[in-house]
Amino acid sequence: MSSALTDLFPHPIVQAPMAGGVSVPRLAAAVSDAGGLGFLAAGYKTADGMYQEIKQLRGLTGRPFGVNLFMPQPEYADPAAVEVYAHQLAGEATWYDTELGDRDSGRDDGYDAKLAVLLDNPVPVASFHFGIPSSEALESLRRAGTFTLVTATTPEEALAVQYAGADAVIAQGVEAGGHQGTHRDLPEQDGAGLGLLSLVAQIRETVTIPVVAAGGIMRGSQIAAVLAAGASAAQIGTAFLASHESGAHDVHKQALTNPLYVRTELTRAFSGRPARGLVNRFLREHGPYAPAAYPEVHHLTVPLRKAAAKAKDAQGMALWAGQGHRMARDLPAGQLVEILAAELDAARTALSGKGDLR
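All values reported here derive from a predicted model rather than from experimental measurement. (Residues numbered from 1 in each chain as written. Predicted model: local features only at pLDDT ≥ 70, side-chain atom pairs only at ≥ 80, totals over all residues. Heavy atoms only, no water.)

Tell me about the layout of surface pockets, residues and numbers included.
Of the voids in this model, the largest pocket is the one considered here, and its volume is about 1,100 Å³. Every residue lining the largest pocket is counted, 44 residues in all, and those nearest its centre are Met 18, Ala 19, Gly 20, Val 22 and Trp 320. Where the lining of the largest pocket is concerned, the elements lending two or more residues are β3 (65-70), β4 (125-129), β6 (168-172), β7 (178-179), β9 (233-236), α11 (238-241) and α14 (296-310). Counting residues per element, the lining of the largest pocket draws most heavily on α14, at 5 residues. Its residues placed into classes, the lining of the largest pocket shows 22 nonpolar, 20 polar and 2 charged. Within this model, the second largest pocket holds a volume of roughly 350 Å³. (1 Å grid on protein atoms, 1.4 Å probe; cavity = no way out; pocket = protein on both sides within 12 Å on 5 of 7 lines; lining within 4 Å. Points joined across faces, edges and corners; volume = space filled by probe spheres on them. Helix = DSSP H or I, 4+ residues; strand = E, 2+ residues; numbered from the N terminus. Nonpolar A, V, L, I, M, F, W, Y, C, P; charged D, E, K, R; others polar.)

Written out as structure tokens, the structure reads:
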């Protein structure tokens, strides 16, 4: 089963699907062409928008690639808490001369329509965030020839992923940038996530399906470490966010290595779900008061984030980033894959006792 995944791409390097316009077709194509596995992010897109990006990507590369879907979210947000937070954000709307978004803009992210597209037009790999597809959906994708992965943040979640019938599990450590892919959003567990190496080791002893490691990986030596811990490949986001082909705003890319941003935090400020980003003004002022309300808070803040980006105001943007963000390199994505692969080879040689360990 492990080789069924890694046979798709020469290097054990998976470009993380980053929603919000970062994982564009040109980025996925560059990664796949260089020997990694490029990914499109279908989150926050319409089913037709996803389909058009798949068509565009197929026109750019003949190599395998993946598409990531967000799972529909249950209704457990407290409307009163969302209303209070909306009042708190009113000052931001005034500052950026915009309106707050419609908190009731939908909970399922068009999941059923997107799944139908993937079944009608199969892609090599599909992954899922914020929960587990039904066993029937996973089996239908398998029959269509699609390899399936599902994110897990605990060994228990990984076991549920295996039980549902996914082909592999993405072990997402707490170091990861962007949203934590927890299957249930439990506020009492905020900040209690496991570090990547510990998580990979525990999941490896819990499941028999392949494991892809994700969270804070920026160098080939870190890829070597997660492979040694039992992973079949490494999923890398922040390092590719900084690449030339990334669709991230230039302000976001520059912030990764800007000395002004010295650390990251998990916050609900922008979306209502825990997500790791660079600590800026918006996160500091609103993070402590943001309710557990995804996607309501996400919908509320979309116009604010767009206005901040238009104004090139990094202090109001969601600057998603993993803990290794200061190690980001300003490179073309294909060159980054090649460098990571070379660093991985060097680390493997050193670990085998054939190289200089100094």
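Before we move on, can you summarise the packing of helix α3 (residues 47-60) against helix α6 (residues 111-120) with the specific residues and values?
Across the interface, α3 lies against α6 with an axial gap of 8 Å and an inter-helix angle of 30 degrees. Our classification of the angle between α3 and α6 gives roughly parallel. The crossing of α3 and α6 is right-handed. Note on element contacts: α6 touches α3 through Ala 113, Lys 114, Val 117 and Leu 118, opposite Ala 47, Met 50, Tyr 51 and Ile 54. Classifying every residue of the contact of α3 with α6 gives 7 nonpolar, no polar and 1 charged. (Axes fitted to C-alpha atoms, helices over the stretch in contact; angles between N-to-C directions. Parallel < 35°, antiparallel > 145°, perpendicular 65-115°, else oblique. Left-handed = near helix turned anticlockwise from the far one by under 90°. Contact = heavy atoms within 4.5 Å.)

Could you give an account of the pairing of strand β2 (residues 38-41), naming the residues involved and the relevant values?
Because side chains alternate across β2, one face comprises the buried residues Gly 38 and Leu 40, and the other comprises Phe 39 and Ala 41, equally buried. Strand direction decides the pairing type here: β2 and β3, joined by 4 bridges, are parallel. The residue of β3 that forms the bridge with Leu 40 is Val 67. Tracing the backbone out of β2, into α3 and back to the parallel element β3 gives a crossover that is right-handed. (Buried < 20%, exposed > 50% of the residue type's maximum accessible area, 1.4 Å probe, protein only. Pairing = 2+ DSSP bridges. Right-handed = clockwise from strand over helix to strand, strands pointing away.)

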